[in-house]
Amino acid sequence: MYISSAWNAGRIEWKEMKKISNILTVYLLKNDIISQSQYNIYQFGFQVGLEFVVCIGLCFIISIQMHMIHLFVAFWLIFFSLRSHVGGLHMKSYGTCLVFSCLSFWMVLVLTKYCILSPKMCIFIFSLDFLILFFIKPVENDNRNVTIEEKKVYGRRIKRILLLLACIFIYLYLVDSFEFIRVILFTLLLIIFSLITGKIYEGKHIGSIRNWRSIWEYRKKDEREHRQRMEIEKAA
């Protein structure tokens, strides 16, 4: 999935959203609600919020047209709980991100509605999804360097979410709620697809000697700082 992917540094912005966010931020500034130094923070926050609302709103309309509002809620709960930790493919522009996000959401609903799977196939696909997300490392982003400690925290969170989903899957299986099971399966497949394509893009993006050197230097520095913290803890 590609939603929120355009909210990173270096993105191509949607000008209309930026105009609206500027109007809102100027209003706050004129009424002495915020200071001039806070302008950029609030402007960016408004812009991200507006872009998010537009995407969610369009997906909600899609779910209404398909009479699948209950699956709209299930999809976003699963998606947001995992995507923010595992990462994935990031688009350069908000417009492209919006189109692919809505298409991806629509595709999940279509597959959930029309792709009827046998119970054994549901178990097989969920087990495969579970193992892939459990063991594959999250996608790293050049705009947000993650320390070793943060990676460990994210890894633990991913495993807890997956274990919770496994418990929910078992419960839904026992009560024969296969529609919800299918939305879980196809949402996880979508996250995996975004994760794998993100890793492929990441490999191409950092293929130059300059980028490899900068990543290697950052990781060496991070490892040194981690060893120093461990030595301090042992000495204490």
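Residues numbered from 1 in each chain as written. Predicted model: local features only at pLDDT ≥ 70, side-chain atom pairs only at ≥ 80, totals over all residues. Heavy atoms only, no water.

Caption draft 1: Main features of the overall build of the chain. Scanning the chain from N- to C-terminus turns up eight helices and zero strands. Element order for the chain, N to C, with α for helix and β for strand: α-α-α-α-α-α-α-α. Here the chain holds 236 residues, and 39% of them are scored as buried. Put simply, of all contacts in the chain between residues at least 6 apart along the chain, 83% involve residues at least 24 apart. (Helix = DSSP H or I, 4+ residues; strand = E, 2+ residues; numbered from the N terminus. Buried < 20%, exposed > 50% of the residue type's maximum accessible area, 1.4 Å probe, protein only. Contact = heavy atoms within 4.5 Å.)

Caption draft 2: Broad picture of helix H2 (residues 39–65). Given a rise of 1.5 Å per residue, 27 residues ought to cover 39 Å, and the 39 Å separating the end C-alpha atoms of H2 matches this to within 8%. By the burial criterion, the buried members of H2 are Tyr 39, Gln 43, Gln 47, Val 48, Glu 51, Cys 55, Ile 56, Cys 59, Ile 62 and Ser 63. Those residues of H2 that are buried are in contact with helix H1 (15–30), helix H3 (69–86) and helix H4 (94–114). (Expected span 1.5 Å × (residues − 1).)

Caption draft 3: Geometry of the packing of H1 against H2. At their nearest, the axes of H1 and H2 sit 8 Å apart, and the two run at 135° to each other. Comparing the axis directions of H1 and H2 gives the class oblique. Judged by the twist between their axes, the crossing of H1 over H2 is right-handed. Along its contact with H1, which presents Met 17, Lys 18, Ile 20, Ser 21, Asn 22, Leu 24, Thr 25, Val 26, Leu 28 and Leu 29, the element H2 presents Tyr 39, Tyr 42, Gln 43, Phe 46, Gln 47, Leu 50, Glu 51 and Val 54. (Axes fitted to C-alpha atoms, helices over the stretch in contact; angles between N-to-C directions. Parallel < 35°, antiparallel > 145°, perpendicular 65-115°, else oblique. Left-handed = near helix turned anticlockwise from the far one by under 90°.)

Caption draft 4: Representation of the environment of Ser 194 in the model. The residue Ser 194 is located in helix H7 (residues 178–205) in this model. For the pair formed by Ser 194 and Gly 87, sequence separation is 107 residues and the distance between their alpha carbons is 7.9 Å.

Caption draft 5: Up close: the packing of aromatic side chains. Across all of its chains, the model carries 17 aromatic pairs by this definition. A centroid spacing of 5.6 Å and a plane angle of 90° characterise the contact between Trp 76 and Phe 79, whose relative ring orientation is edge-to-face. Here Trp 76 pairs with Phe 79, and both are found in helix H3, just three residues apart, close to one helical turn. You can call Phe 79 buried: its relative accessible area is 1%. (Phe/Tyr/Trp six-rings, centres within 6.5 Å; stacked < 30°, edge-to-face > 60°.)

Caption draft 6: Layout of the packing of helix H5 (residues 119–135) against helix H6 (residues 148–174). Contact geometry for H5 and H6: axes closest at 10 Å, N-to-C directions at 175°. Taken together, the axis directions place H5 and H6 in an arrangement best described as roughly antiparallel. Only Ile 158, Lys 159, Leu 162, Leu 163, Leu 165, Ala 166, Phe 169 and Tyr 173 of H6 make contact with H5, whose side of the interface consists of Pro 119, Cys 122, Ile 123, Phe 126, Phe 130, Leu 133 and Phe 134.

Caption draft 7: Just unusual backbone geometry, in detail. With a phi angle near 60°, His 67 is a residue other than glycine that sits in the positive phi range. On the secondary structure map, His 67 appears in the loop between H2 and H3. Exposure remark for His 67: the relative accessible area of 68% places this residue in the exposed category. With phi around 60°, Asp 176 is a residue other than glycine that occupies positive phi space. Along the chain, the position of Asp 176 falls in the loop between H6 and H7.

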